[in-house]
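Listed below are the residues making up each chain.
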Amino acid sequence: MRRNLKSLLKFCLLSAVTVIITVLVYRMVDNNFGLVNSVDNNILPHPKSLTDNEKIDWHDYKAIEKDSKRVGTGEQGAAAYLTSLERANYEKLFRVNGFNAALSDKIALDRAIPDIRHKSCKTKKYLKKLPSVSVIVPFHNEHWTTLLRTAVSVINRSPAELLKEIILVDDFSSKEFSKKPLDDYLATNLPKVRAIHLPERSGLIRARLAGAKAATGEVLIFLDSHTECNVNWLPPLLEPIAQDYKVCVCPFIDVIAFETFEYRAQDEGARGAFDWEFFYKRLPLLPEDLKHPAEPFKSPVMAGGLFAISSKFFWELGGYDEGLDIWGGEQYELSFKIWQCGGEMYDAPCSRVGHIYRKYAPFPNPGKGDFVGRNYKRVAEVWMDEYAQYLYMRRPHYKMLDPGDITKQKALRERLHCKPFKWFMTEIAFDLPLKYPPIEPGDFGFGEIRNLGVPEICVDAGFKERDQVVGIADCAKGTDIKADQNFSLTWHKDIRVKGKTLCFDVSDANDKADITLYPCHGQEGNQYWRYDIEKQWFLHGGNPRCLDCEPGAKKLFVTTCDETSKTQKWRFENVNLTMLADWNNVGKLIT
Ligand SMILES: *[C@@H]1O[C@H](CO)[C@@H](O)[C@H](O)[C@H]1NC(C)=O
Ligand SMILES: *[C@@H]1O[C@H](CO)[C@@H](O)[C@H](O)[C@H]1NC(C)=O
Ligand SMILES: [Mn+2]
């Protein structure tokens, strides 16, 4: 009995020592990634308490409970409407804001919005020790209540101990309230919020820089001036930065409808990208991202307006290029810099922020010529190496634009030993060229589509618009009748009406289904077509049906393929045999 007790004690002691050693080794390894050490490289790793890695539930259940009970106009993110009596100001305010500002004035600044996060976000814990935050909100003539609602939502939905300050950067607004009335309002009602007033119109980029310079928090979070932060938005943005200060994190951006202020998701996430005219685009999530819907996933570029970055890393990267004017291209500049110069960028699905997408931009053109083009050229010249030519191919006048002095930016790239753009394209945006090829392949075929069973009949779009059905008509070739019978089978594997971005779309799975014109989405699916040159078939969809017609009824449709049918055979006026033979590889071309 005694012997047993002794050996049991020995065993316990041994186990305890093993556990302690394991924990210590784990902590030592882990310490090297802590923000505390990274923020100041001069301080050697110091022993942290064993609770440093502790995770806690950051939800503010009291506030959630209180929000759940709110009722009234726009509460819970429901669509709201003005009564006919309230519409007096509607037109005037809509015109200067690009959204329904009169309605905004009817909605509480602290309204509740629905918690639409993935359900696993609701039980997720985050590091107890997170860095402090400065929220920076640049604005130019933002409407009073949308600006204040932005600040109020930050305050109400952020842990007070993490939120150091909110800085509203007034970019030389001309609206009355943006000066003293705003300062007074903030001083009385929102002590954590202050406004800085720029002495001249500086543009979005320089306004953000001015805010960042004034900020004292460890992490900078940039927000647009008409946003609303959702439940527990802050910890998911901060944790990846606490673990590695060279990480930039973006929230999911939800939609606040410009007319009704309804709050809804735009989708369940996508990776940021661009096409070669520098339009912001999105790429699908990767299979491994889909397996972890509450975990941050890597994104090649940010949408631009909403992101968190450590102040240390932001300034190591030189902030934004100060030569960028007004707006445009800054999201690419910062994203390329982050990736190429040793950082990473993530989207955090559990952090959601609503944003009013305006109906139109209400501000006049600043009268500075093609400043967006000049910005793009700066970004291209400094960061994109040989890939810059693909932008210039589409916008040849960029070659003539003067990007200004870029020696400082080039020196920064040297100094930080930033990687080439080719590395970014092959490692981070590796699937971008599939969807947005630097050099677009030609068409598989184009011209008239003539039936072989009834050779005087051709496919005819009849000058129709979206959502209208495509039919057949007498072939117009060689006659002077105006006709709409010219189509391309593009490398996207869709059929487009010449001169329009309308595609042949079949959404009906019946045995006999209409073909409708719908804006081309380049995603195959409903718009996928293949031309089989041997059988002379136009095949639609992955479970293919064949293009067919009923000449008497003048009807065009897709139906089950039939080797013996004559009306299913079509002659396509011009085809590229090389491309057709290489069908499966087209669209996979990476140059
Ligand atoms: C049809 O469109 C192509 C370009 O897609 C053009 O080259 C061709 O001349 C057009 N054909 C007719 C008959 O207009
Ligand atoms: C057919 O496509 C190939 C590959 O894209 C291209 O090189 C060739 O010029 C095209 N031929 C014609 C006649 O357009
Ligand atoms: Mn905006």
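The rules behind the values
- Residues numbered from 1 in each chain as written.
- Chains lettered and ligands numbered in written order.
- Predicted model: local features only at pLDDT ≥ 70, side-chain atom pairs only at ≥ 80, totals over all residues.
- Heavy atoms only, no water.
- UniProt positions renumbered as here; feature names shortened; annotations may be inferred.
- Disulfide = S-S within 2.5 Å.
- Helix = DSSP H or I, 4+ residues; strand = E, 2+ residues; numbered from the N terminus.
- Buried < 20%, exposed > 50% of the residue type's maximum accessible area, 1.4 Å probe, protein only.
- Contact = heavy atoms within 4.5 Å.
- Pairing = 2+ DSSP bridges.
- Near = heavy atom within 4 Å.
- Polar contact = N/O pair within 3.5 Å; in protein donor to acceptor, adjacent residues only side chain to side chain.
- pLDDT = per-residue confidence, 0-100.
- Salt bridge = Lys/Arg side-chain N within 4 Å of Asp/Glu carboxyl O.
- Core = buried A, V, L, I, M, F, W, Y, C linked by side-chain atoms within 4.5 Å.

Per an unreviewed UniProt entry, the protein goes by Polypeptide N-acetylgalactosaminyltransferase and derives from Ceutorhynchus assimilis. Under Subcellular location (unreviewed entry), UniProt gives the following word-for-word description of the protein: "Golgi apparatus membrane".

Asks: Describe the state of the cysteines, listing the residues and the values that go with them.
Replies: A complete count under the given rule lists five disulfides for this structure. The disulfide partner of C341 is C418, and the S-S distance across this bridge is 2.1 Å. Given an S-S torsion of about 105 degrees, the disulfide between C341 and C418 has right-handed geometry. Taken as a pair, C341 in the loop between helix 12 (330-340) and strand 14 (344-356) and C418 in the loop between helix 15 (407-415) and helix 16 (421-428) lie far apart in primary sequence, 77 residues in all. Assigned by exposure class, C341 and C418 land together as buried.

Asks: For the environment of G323, give the residues involved together with the corresponding values.
Replies: When you line up the elements, G323 lands in the loop between helix 11 (311-316) and helix 12. A residue is classified by how much of its surface remains accessible, and G323, at 32% relative accessible area, is partly exposed. Those residues within four positions of G323 in sequence are excluded, and the remaining contacts are R206, N375 and R378.

Asks: Run through the pairing of strand 24 (residues 545-550), naming residues and quoting values.
Replies: With respect to burial, strand 24 is a largely interior element, five of its six residues being buried. Relative to strand 24, strand 23 (residues 537-540) runs antiparallel, the two sharing two bridges. Within strand 24, the position partnered with H540 by the bridge is R545. In textbook terms, the turn of a hairpin is the stretch between consecutive antiparallel strands, and for strand 23 and strand 24 this stretch comprises four residues, one of which, G541, has a positive phi near 80 degrees. With five bridges connecting them, strand 24 and strand 25 (residues 555-559) associate as antiparallel partners. If you follow C549 over to strand 25, its bridge partner there is L556.

Asks: How would you summarise the site of ligand 1 if you had to cite specific residues and measurements?
Replies: Taken together, F446, N486 and K498 make up all the residues around ligand 1. One of the side-chain nitrogen or oxygen atoms of N486 is found 2.4 Å away from an oxygen atom of ligand 1.

Asks: Kindly report on the confidence of the model for the protein, identifying the contributing residues and their values.
Replies: Per-residue confidence for the protein averages 90 on the pLDDT scale, and 90% of its residues sit at or above 70. Low pLDDT (under 50) marks residues 19-47, which in the prediction has 32 contacts with non-local residues, meaning those over four places away or in another chain.

Asks: Tell me about the pattern of salt bridges, and name the residues and values.
Replies: The full count for this structure, using the stated rule, is 35 salt bridges. Measuring nitrogen to oxygen at the nearest pair gives 2.9 Å for the salt bridge that ties R111 to E228. Placement of R111 in the loop between helix 5 (101-104) and strand 2 (126-127) and of E228 in strand 7 (residues 227-229) is noted, with a sequence separation of 117 residues between them. By relative accessible area, which is 1% here, R111 ends up buried. Among the salt bridges present, the one from R496 reaches D494, with a minimum N-O distance of 3.0 Å. With relative accessibility at 18%, the residue R496 sits in the buried group. By relative accessible area, which is 1% here, D494 ends up buried. Residues joined by salt bridges that share partners form a network here, namely R70, E75 and D110.

Asks: If you had to explain the nonpolar core to someone new, which residues and values would you point to?
Replies: Among the nonpolar cores identified, the biggest contains 61 residues, and F274, F336, M384 and F424 are the most heavily contacted of them. Looking at this core, the element that brings in the most residues is helix 13 (residues 371-383), giving seven residues. Among the nonpolar cores identified, the runner-up in size contains 44 residues, and V133, V137, L163 and I166 belong to it.

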